[in-house]
Amino acid sequence: SMTGFARSNGQVVCGAASGKWSWELRSVNAKGLDIRLRLPPGLEAIENECRRAIGAVLSRGGVQASLQFDRDAGTSVPVVNQAALEVVLGALADLSRRLGSPPASAEAVLQIRGVLETGEAEALPAEIETRNGAVLAGLRDAVSALAHARGEEGRAVGAALEDQVQAIERLVAAIEADPSRSPAAIRERLARQLAPLLDQSAGLDPQRLHQEAALLATKADLREEIDRLNAHVGAAHALLSGAGPAGRKLDFLAQEFNRECNTICSKSNAASVTALGLELKVLIDQFREQVQNIE
């Protein structure tokens, strides 16, 4: 299946780059592999590696991967806001001149809101590398869990598709065995169709009429379409029982099923075969709709 959900989280201790991370992955149907990443500031450098990690496991689906990373409080350091400090010092100097008071102490200046802020300590390259490696390992775990979830759902969808293929196979067999396709039934039907012509048109050559009728009967024969449908049924069974992505191939088979079914309905000259063909068409449409969920 192409739909699923997975989450993984953990913690990495590596100096100023320490923190807790959490991955959340969602997957929906798509024609190809469409990866959408949401990375927090400071972790944009791992985007390409994230895409490779997802692409190594999944081949189809719209995948949304979101990372949350919370740095440890111990990595924060006090930082002086130079712009705010200049404004405060200017205002204090002007006030001191006007009042003739002594200048404010450094401690008092730093206590003024906005002058002293909390910033992040700058991590060393080795610490960043360790953090990125831990986050990517967490992503690979999440992708593996997502693939497992998709596989569980895929097995359920695959069982439903197998049931539909078996139903298609039964309808094809019913069309093939329909009494209207027997030589005796065809001769009787042609005889009924030719009788009015022979009675009303004495000048018509009965032999020629029979030849033309036989030609039309040959063109209306369903043997070729039935054989192709049986071949498609065999291919569908093989794909559903095999390993690896099969969605695109099954979608192509669904189109071929539909093509042969339309031909049978257009060539049919018996109400019973037409009814079976319409029933087959409904089933093929259901099969094709379900196939859209398969990777």
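The text that follows walks through the structure, step by step, so that each part is easy to find. (Residues numbered from 1 in each chain as written. Predicted model: local features only at pLDDT ≥ 70, side-chain atom pairs only at ≥ 80, totals over all residues. Heavy atoms only, no water.)

We now examine the packing of helix α1 (residues 47–55) against helix α4 (residues 125–177). Put simply, α1 and α4 touch, their axes get as near as 9 Å, and they point 25° apart. For the element pair α1 / α4, the angle class is roughly parallel. As α1 runs across α4, the sense of the crossing is right-handed. Only L136, L139, R140 and V143 of α4 make contact with α1, whose side of the interface consists of E49, C50, A53 and I54. Across the contact of α1 with α4, the residue classes tally to six nonpolar, no polar and two charged. (Axes fitted to C-alpha atoms, helices over the stretch in contact; angles between N-to-C directions. Helix = DSSP H or I, 4+ residues; strand = E, 2+ residues; numbered from the N terminus. Parallel < 35°, antiparallel > 145°, perpendicular 65-115°, else oblique. Left-handed = near helix turned anticlockwise from the far one by under 90°. Contact = heavy atoms within 4.5 Å. Nonpolar A, V, L, I, M, F, W, Y, C, P; charged D, E, K, R; others polar.)

To continue, consider the pairing of strand β4 (residues 61–71). When a strand is regular, its side chains alternate between the sheet's two faces. Note that strand β2 (residues 19–28) and β4 share ten bridges and pair antiparallel. Paired with S22 across the bridge in β4 is Q68. Strand direction decides the pairing type here: strand β3 (residues 33–38) and β4, joined by six bridges, are parallel. For L37, the partnering residue across the bridge sits in β4 and is A65. Handedness of the crossover joining β3 and β4 through α1 is recorded here as left-handed. (Pairing = 2+ DSSP bridges. Right-handed = clockwise from strand over helix to strand, strands pointing away.)

Quick look at the packing of aromatic side chains now. This structure, assessed with the given rule, holds one aromatic pair. Plain terms: the ring middles of F257 and F287 are 5.9 Å apart, the flat faces sit at 80° to each other, and that makes the pair edge-to-face. Note that F257 is positioned in helix α8 (residues 247–267) and F287 in helix α9 (residues 271–291), a separation of 30 residues in sequence. Like F287, F257 is buried. Over the ring of F69 we find R131, and its NZ or CZ is 5.8 Å from the ring centre. (Phe/Tyr/Trp six-rings, centres within 6.5 Å; stacked < 30°, edge-to-face > 60°. Buried < 20%, exposed > 50% of the residue type's maximum accessible area, 1.4 Å probe, protein only. Lys NZ or Arg CZ within 6 Å of the ring centre and 35° of its normal.)

Our focus in this paragraph is the environment of Q286. Within the element layout of this structure, Q286 appears in helix α9. The spatial distance from the C-alpha of Q286 to the C-alpha of L161 is 9.2 Å, given a sequence separation of 125 residues.

For the rest of this paragraph, the subject is the pattern of salt bridges. One pass over the full model with this rule turns up 15 salt bridges. Between E24 and R26 there is a salt bridge, with the nearest N and O atoms lying 3.1 Å from each other. For R155, the salt bridge is made with E152, and the minimal N-O distance between the two is 2.6 Å. In this pair, R155 and E152 both sit in helix α4, three residues apart, roughly one turn of the helix. For R155, a relative accessible area of 51% translates into the label exposed. Connected via shared salt-bridge partners are E224, E225, R228, E260 and K267. (Salt bridge = Lys/Arg side-chain N within 4 Å of Asp/Glu carboxyl O.)

The subject of this paragraph is the packing of α8 against α9. When two helices pack together, you describe them by how their axes are tilted relative to each other and by the distance separating the axes. Contact geometry for α8 and α9: axes closest at 9 Å, N-to-C directions at 165°. Looking at the two axes, α8 sits roughly antiparallel to α9. Relative to α9, α8 is oriented so that their crossing is left-handed. Every residue of α9 that contacts α8 at G247, L250, D251, A254, Q255, F257, N258, C261, N262, I264 and C265 is listed here: V273, G277, L278, L280, K281, I284, D285, F287, R288 and V291.

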